[in-house]
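One-letter residues, chain by chain:
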Amino acid sequence: MVNLIWLLMLVTGIIVSALNGHIENVTVSAMKAAELGVEVAIELIGVMSLWLGLMRLAEEAGFVKGIARLFGPAIRHLFPSLKPDSPALGAIIMNLSANILGLGNAATPFGLKAMQELQKENPTPDVASPAMITFLALNTSCITLIPATIIGVRLKANSANPTEIIGTTIVATGCAMSVAIIVDYLIRHRRKK
Amino acid sequence: MRIIAEISRWAIPLLLLLIPVLAYLRNVPVYESFVAGAEEGFKTGVRILPFLIGMLVSIGVFVDSGALDIVSHWLQPLFGFLGFDSNFAAIIPLAIMRPLSGSGALGVATQLINQYGPDSFIGRLASTLQGSTDTTFFVLTVYFGSVGIKKYRYALKLGLLADLIGLIVSVWIVSKTFY
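Residues numbered from 1 in each chain as written. Chains lettered and ligands numbered in written order. Predicted model: local features only at pLDDT ≥ 70, side-chain atom pairs only at ≥ 80, totals over all residues. Heavy atoms only, no water.

Got a sec to walk through the overall build of chain B? Specific residues and values, please.
Looking only at helices and strands, one finds eight helices and zero strands in chain B. For chain B, the sequential pattern of α-helices and β-strands runs α-α-α-α-α-α-α-α. In terms of overall dimensions, chain B is more spread out than a globule: its C-alpha atoms have a radius of gyration of 21 Å, far above the 16 Å expected for 179 residues. Taken along its principal axes, the extent of the C-alpha atoms in chain B is 65 × 40 × 30 Å. By residue count, 53% of the 179 residues in chain B fall in the buried class. The long-range fraction of contacts in chain B, counting pairs at least 24 apart against all pairs at least 6 apart in sequence, stands at 65%. (Helix = DSSP H or I, 4+ residues; strand = E, 2+ residues; numbered from the N terminus. Rg over C-alpha atoms; globule rule 2.2 N^0.38 Å. Buried < 20%, exposed > 50% of the residue type's maximum accessible area, 1.4 Å probe, protein only. Contact = heavy atoms within 4.5 Å.)

Please provide a residue-by-residue account of the confidence of the model for chain A, values included.
When the pLDDT values of chain A are averaged, the result is 88; 99% of them are 70 or greater. Here helix 3 (residues 63-76) of chain A is the element of chain A with the lowest mean pLDDT, 79, and helix 6 (residues 130-140) of chain A is the one with the highest, 94. (pLDDT = per-residue confidence, 0-100.)

Break down the interface of chain B and chain A for me, citing the residues and quoting the values.
With 96 residues of chain B in contact, the opposing surface of chain A contributes 95 residues. Between chain B and chain A the total buried area reaches about 8,000 Å² when both faces are included, carbon and sulfur atoms providing 76% of it. Applying the counting criterion to the chain B and chain A interface returns six salt bridges. Between Arg-154 of chain A and Asp-119 of chain B there is a salt bridge; the shortest N-O distance is 3.4 Å. At the junction of chain B with chain A, the criterion picks out 22 residue pairs in polar contact (both at pLDDT 80 or more). Elements with a minimum of two residues in the side of chain B that touches chain A: helix 1 (2-25), helix 2 (30-64), helix 3 (67-81), helix 5 (102-116), helix 6 (121-132), helix 7 (136-146) and helix 8 (155-178) of chain B. (Buried area = accessible area lost by both parts, 1.4 Å probe. Salt bridge = Lys/Arg side-chain N within 4 Å of Asp/Glu carboxyl O. Polar contact = N/O pair within 3.5 Å; in protein donor to acceptor, adjacent residues only side chain to side chain.)

Before we move on, could you go through the pattern of salt bridges and cite the residues and values that matter?
Across all of its chains, the model carries twelve salt bridges over all chains by this definition. A salt bridge links Asp-64 of chain B to Lys-32 of chain A, with the shortest nitrogen-to-oxygen separation between them at 3.8 Å. Here Asp-64 of chain B, found in helix 2, pairs with Lys-32 of chain A, found in helix 2 (residues 24-60), and the two come from separate chains. The class of Asp-64 of chain B is partly exposed, set by a relative accessible area of 35%. A salt bridge links Lys-43 of chain B to Glu-39 of chain B; the shortest N-O distance between them is 4.0 Å.

Can you explain the nonpolar core? Please cite residues and give values.
In terms of nonpolar packing, the biggest core is built from 111 residues, with Phe-79, Ile-92, Met-115, Leu-118 and Phe-135 of chain A together with Leu-94 and Phe-144 of chain B touching the most fellow members. With eleven residues, helix 2 of chain A is the largest single contributor of residues to this core. Filtering out sequence-adjacent residues up to four positions away, Leu-94 of chain B remains in contact with Ala-105, Val-108, Ala-109, Leu-112, Ala-126, Leu-129 and Gln-130 of chain B. (Core = buried A, V, L, I, M, F, W, Y, C linked by side-chain atoms within 4.5 Å.)

Would you mind going over a nonpolar patch on the surface in detail, with residue names and values included?
On the surface, Trp-10, Leu-14, Leu-17, Leu-18, Val-21, Leu-22, Tyr-24 and Leu-25 of chain B cluster together to form a nonpolar patch covering roughly 810 Å² of accessible area. Take Leu-18 of chain B: it is sitting in helix 1. (Patch = residues over 30% accessible without salt bridge, like charges linked within 9 Å, V, L, I, M, F, W, Y side chains within 5 Å. Areas by Shrake-Rupley, 256 points an atom, 1.4 Å probe, with all protein chains shown as cover.)

Please give an account of the packing of aromatic side chains that cites residues and values.
Residue and element names in this part refer to chain B. Counted by the stated rule, this structure contains four aromatic pairs over all chains. When the centroid spacing of 4.6 Å and the interplanar angle of 40 degrees are considered together, the rings of Phe-144 and Tyr-152 count as tilted. For Phe-144, a relative accessible area of 0% gives the class buried. One cation-aromatic arrangement involves Arg-124 over Phe-178; the distance from NZ or CZ to the ring centre is 4.1 Å. (Phe/Tyr/Trp six-rings, centres within 6.5 Å; stacked < 30°, edge-to-face > 60°. Lys NZ or Arg CZ within 6 Å of the ring centre and 35° of its normal.)

Please provide a residue-by-residue account of a positive patch on the surface, values included.
Residues Arg-190 and Arg-191 of chain A together with Arg-153 and Lys-157 of chain B make up a contiguous surface patch of positive charge. Counting through the fold element by element, Arg-191 of chain A comes out in helix 8 (residues 165-192). (Lys, Arg positive; Asp, Glu negative; His and termini not counted. Charge placed at Lys NZ, Arg CZ, Asp CG, Glu CD.)

Describe the domain arrangement of chain A, and please don't skip the residues or the numbers.
Residue and element names in this part refer to chain A. Entries for chain A in the domain assignment read domain 1 (1-61) and domain 2 (62-193). Between domain 1 and domain 2, the contact holds ten residues from the first and 13 residues from the second. Between domain 1 and domain 2 the total buried area reaches about 1,100 Å² when both faces are included, carbon and sulfur atoms providing 79% of it. Here Glu-59 ties to Lys-113 by a salt bridge, and the two come within 3.7 Å at their closest N and O atoms. Summed over the shared surface of domain 1 and domain 2, the number is four residue pairs in polar contact (both at pLDDT 80 or more). Of the residues belonging to the side of domain 1 that touches domain 2, the class tally is eight nonpolar, no polar and two charged. (Domains from an automatic or database assignment. Nonpolar A, V, L, I, M, F, W, Y, C, P; charged D, E, K, R; others polar.)

Could you give me a rundown of the packing of helix 7 of chain B against helix 8 of chain B, with the residues and numbers involved?
All names here are of chain B. For the pair helix 7 and helix 8, the least separation of the axes is 9 Å and the interaxial angle reads 150 degrees. Taken together, helix 7 and helix 8 sit at an angle that is classed as roughly antiparallel. By crossing handedness, the relation of helix 7 to helix 8 is classed as right-handed. On helix 8, the residues touching Thr-136, Phe-137, Leu-140 and Phe-144 of helix 7 are Ala-155, Leu-156, Gly-159, Leu-160 and Asp-163. For the contact of helix 7 with helix 8, the per-class residue count stands at six nonpolar, two polar and one charged. (Axes fitted to C-alpha atoms, helices over the stretch in contact; angles between N-to-C directions. Parallel < 35°, antiparallel > 145°, perpendicular 65-115°, else oblique. Left-handed = near helix turned anticlockwise from the far one by under 90°.)

Give a description of helix 7 (residues 148-156) of chain A that names residues and reports values.
Listed as buried for helix 7 of chain A are Ile-150, Ile-151, Val-153 and Arg-154 of chain A. Along helix 7 of chain A, the residues classed as buried sweep out an arc of 160 degrees about the axis, all on the same side. Those residues of helix 7 of chain A that are exposed and angled more than 90 degrees off the buried face are Ala-148, Thr-149, Leu-155 and Lys-156 of chain A. The secondary structure elements touched by the buried residues of helix 7 of chain A are helix 8 of chain A together with helix 5 and helix 6 of chain B. Once helix 7 of chain A ends, the next one or two residues include Asn-158 of chain A, with phi positive near 65 degrees. (Arc of directions from axis to C-beta.)

The following block contains the structure:
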């Protein structure tokens, strides 16, 4: 499915550019995007090194396990395949907390760390494990309490009440997340039988 | 609301303070451990680079071509078919962009908010939608790519389902709350 979507976007973009008579756009966009990829990765290396460094400290001091044990019961039943004190649980909790607080650039390193830990418990290294899929479903539909960026945009556009969309945002995410969790649960149970 | 904003403001400084201090008290060689952990950041960054570039090129060519407008135009009747007001159609480009690209979606949302006004229906809907889902497609490729997963199984469908639910609920809750 990913291969198909990837190809479809590329081909559609090229055809539409050709039809619009701006085929040179394709060249510029492709080059620009490739450069952007490097920029994003390099920026990410900076914040990621910072957070993974801190994470290592937290791990060696036993905090990550502590967090996993403290908050684990709440999310453990979503990850039945993981060991109760799995280091992945700690990273997952940190990632979700960072997402909820809207700390996007801290969330990614924790998330990638969680994936690495989940991969260690994955019996089939090139196939996504159920725990990974559950984690990504949570991660991509996760609630952000304060959508700071969009509030900033609304403020600049002279909104009478820039923060009025917080409530609607939480309801929308809450529903999306609930459905994701329920459907994921149902899929896992059906496959087990 | 203010409390949550304060927590967000303090979270990172407090983590930067508490983790090293408490680790030191627990006899962790703080600086050396930090450096050892940080080393992984570089490796992870390099590992996800090809996935980032692959995704960004495909998304970039698609978005810059103006194909989004055409796809949105095609989807308009479907929107009507689902029982939504045709005024809602202005949101389609954002709904398509949201799972693909964070910066792209923010661009579309900003444009909608400025064009229709932040306190218009489309403005509020765009704000809600922007805040309520993540860049599913992008996150999946980068996260799975970073650990070498090739078969995603039902992960993409599940993520996109959540996005669709987010869109439907956004339309519903914004209409319900403000009108």
